[in-house]
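# Examination of the molecular architecture
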Protein chains: 2
Amino acid sequence: MKNIAILGNGVVGSGTARVLLSKAEKIKAETGEDINLKYVFVRHDYEGCEYRDLFEYDYDTIKNDKEIDVVAEVMGGVHPAYEYVKDALMRGKSVVTSNKQLIAECGYELMNIAKEKNVNLLFEGAVAGAVPVIHGIRNCLKANDVKRVYGIINGTTNYILSKMISDGQSYADAIKKAQELGYAEADPSRDVDGIDSCRKLCILADIVYGNHIMPQTVNTIGIRDIEKTDTDILSQNKKAIKLLGYAAKAENGKTVVCTEPFVVGDDSVLFATNDAFNAVAVDTDNADTIVFYGRGAGSFPTASAVVNDIVECINAENTIYPAWGAERNDLLESYENFVFKHYVRAVISVAKVKELFADAVILSEGKECAFLTSEMSENSLSEKLEGISVKAKYKTI
Amino acid sequence: MKNIAILGNGVVGSGTARVLLSKAEKIKAETGEDINLKYVFVRHDYEGCEYRDLFEYDYDTIKNDKEIDVVAEVMGGVHPAYEYVKDALMRGKSVVTSNKQLIAECGYELMNIAKEKNVNLLFEGAVAGAVPVIHGIRNCLKANDVKRVYGIINGTTNYILSKMISDGQSYADAIKKAQELGYAEADPSRDVDGIDSCRKLCILADIVYGNHIMPQTVNTIGIRDIEKTDTDILSQNKKAIKLLGYAAKAENGKTVVCTEPFVVGDDSVLFATNDAFNAVAVDTDNADTIVFYGRGAGSFPTASAVVNDIVECINAENTIYPAWGAERNDLLESYENFVFKHYVRAVISVAKVKELFADAVILSEGKECAFLTSEMSENSLSEKLEGISVKAKYKTI
């Protein structure tokens, strides 16, 4: 028998408890073990909850219970999640978590403790919810080097942008609707300013490129300033704006990371990734592009990843994931030196666009002109646009 | 050191050799082992091939070489692949293969031999090329029951349909173009008649539902009869026809399987899966829909999956995949009894459509009428349409 403790009973925690309880038989078939959900650590009561008999208010009881094999941390935030996870690992218990902030900020330290103690620290649920992108990158691309990894990893902003694109709504209307539906919080900053996407991007980049990247070192732009004018122009040209986390290997071997709105064309699966769905694309040398798509959030979808990780911990004979390397900011390339094609809307004539950008593709003209450039760095673009009133500017993928 | 023999040097075989040779260092880092590609079994010479010194024309040399740890069978077809794979497994060697026909027809028997000999038989490359869908289903959805699995698993037909949909080409023109580009063979039957899709579908259904399904028991319809009239009507309604492999769990617990053209809406990633790309969707109870997308064929993409399987074989301490169960036709439900929404184009008035199908959605009207029905079985649909001249009829997803 394996004993599990869940820390937290919010959206993900309650989903994890319910999935564990409902799939006990299936998990036994997979692991050969009876699964006993022994505690759900809560900080306040949840009236009417069907498994209230498992509630434990005193963390020390869980901490000191030697029978616990796997701890599922699904509280979110760094404190006290960090202390609890660290403590569990130190005591030789495997930990699974869906806590992106914790892994993005403290992953390097925690994974080293896990490695030292020969236990597992798994966190599939921390990036893109139910989508098995971490597993896919770690286990299915061993014959590949990853050229870049990028994706829609925040459902709230993708929902808002989908409404702006497909229903022609303004940002203000779309966020109101998202709040009504519970997709966006009253203070939506963490989502709309790209903070959440950035954390998940860092985890993906850590795995792919092998060194810890702190979220605060990543250039991060949210979606607040996206105008309907641009989503309309792009829609008419079979393109869309999506908030992406983006990491790539530059020619000098360094890693480029950024989180910002990108223009994607209708030849990309990301274009068709709408509403609260997530999709992560991995461009490789041998397999070309692989995309993992699915529900990036929600109670049962995230619990699906958390419980799968619990099963992996039980089945694993060795530590599954070796820790990635320490933070090495000398291995980061400035995204400003990295070439992209750019979308620009500016007060400029078509003739002037063609003079400045030989291969420009004009998307709309008039008093303002919207166009796509050929590949160039942000710095080159800025130089060319000096003195011109730029209304909007996005990288394209 | 681990010694590898590749059987075959065609599109997939040569890709596998090249990926193995070029990624030796990376594989060593993953496995701790030096990888030695010892033989490439060929039946004729490949002039100018850079690894001709590894060519071996006599299978018995490979068969009797006790040093070989993993055999990669990438010849295709059932004979002599079946005899070679069986022999290798019997001698306690792990086998990886991209041979869908072999696994679809003989998978049950071969996997049992692998299990008995405590070696591995892996075949990620047999379904959807580079796309890690078998790995994803087997390893990442342990907290889920699969309601249905369906996907675009043949790049040739998807390329042809993409041309018909996006460029308005006829079937005849599109297949000619596909042949020019080398996507379709001179005799394209195996692809356009759905035979290849059906084999891959069977493998997916075997994994998901646990019993071997022989391809010849699956209702299989190809794309030869798809008319431009229908692709046009559907395009105008933001829908597309895609050849899908489809397997689902019926309410009575039995499995429904079919391979045929389906109508998909633009809210599905499959709608955006164009040209030679593949995508497999898995509908689950907890994770909702997960989609795996990527290159379904080609030398390096398929080799990516084959080499990843080789790495898994080397790393595995136990048999990774237990065999699925024997063929049990009593566990198959007739797809004719299973409900779908249907697309119909027939010589019928709008008034008559509305009389027969209360909830019908009219897509085009005139001398003929095209419409979508609500959910009903094929049998109910046929009854309702008795005496009416039906021009086209497709299930929708």
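Use the structure listed above.
Please read these numbers as outputs of a predicted model, since none were measured by experiment.

All names here are of chain A. Reading across the sheet, the six strands line up as 3-2-1-4-5-6 and stay open at both edges, with parallel pairing between neighbours. For this open sheet the edge positions go to strand 3 (55-56) and strand 6 (121-122), each flanked by a neighbour on one side alone. Strand direction decides the pairing type here: strand 1 (residues 2-7) and strand 2 (residues 35-41), joined by six bridges, are parallel. Within strand 2, the position partnered with asparagine 3 by the bridge is asparagine 36.

Before going further, it helps to spend a moment on the nonpolar core. Grouped together as the largest cluster of nonpolar side chains are 120 residues, with contacts concentrated most on Leu121, Phe123, Val133 and Ile203 of chain A together with Leu121, Phe123 and Ile203 of chain B. What phenylalanine 123 of chain B contacts, discounting residues up to four positions off in sequence, is Thr97, Ile103, Met111, Ile134, Ile203, Ile207, Asp309 and Trp324 of chain B. Counting 90 residues, the second largest nonpolar core, distinct from the first, contains Ile241, Val269 and Phe340 of chain A together with Ala250 of chain B.

Residue and element names in this part refer to chain A. For strand 2, the buried fraction is high: five of the seven residues fall into the buried class. With two bridges joining them, strand 2 and strand 3 adopt parallel strand pairing. Residue pairing in the sheet places phenylalanine 41 in a bridge with glutamate 56 of strand 3.

Listed by partner, the interface residues are 39 residues for chain A and 39 residues for chain B. Both faces combined, the contact of chain A with chain B buries some 3,600 Å², and carbon together with sulfur accounts for 53% of it. It is Lys142, Asn286 and Tyr293 of chain A that lose the most area in chain A upon contact with chain B, and together they represent 18% of the buried surface on that side. Taken together, chain A and chain B are joined by eight salt bridges. Residues aspartate 285 of chain B and lysine 23 of chain A are paired through a salt bridge, measuring 2.4 Å at the closest nitrogen-oxygen approach. At the junction of chain A and chain B, the tally comes to 19 residue pairs in polar contact (both at pLDDT 80 or more). Secondary structure elements with two or more residues in the side of chain A that touches chain B: helix 2 (24-31), helix 6 (133-140), strand 12 (289-295) and helix 12 (299-315) of chain A.

Thresholds applied
- Residues numbered from 1 in each chain as written.
- Chains lettered and ligands numbered in written order.
- Predicted model: local features only at pLDDT ≥ 70, side-chain atom pairs only at ≥ 80, totals over all residues.
- Heavy atoms only, no water.
- Pairing = 2+ DSSP bridges.
- Helix = DSSP H or I, 4+ residues; strand = E, 2+ residues; numbered from the N terminus.
- Core = buried A, V, L, I, M, F, W, Y, C linked by side-chain atoms within 4.5 Å.
- Buried < 20%, exposed > 50% of the residue type's maximum accessible area, 1.4 Å probe, protein only.
- Contact = heavy atoms within 4.5 Å.
- Buried area = accessible area lost by both parts, 1.4 Å probe.
- Salt bridge = Lys/Arg side-chain N within 4 Å of Asp/Glu carboxyl O.
- Polar contact = N/O pair within 3.5 Å; in protein donor to acceptor, adjacent residues only side chain to side chain.

So yeah, pure geometry; function would need other evidence.
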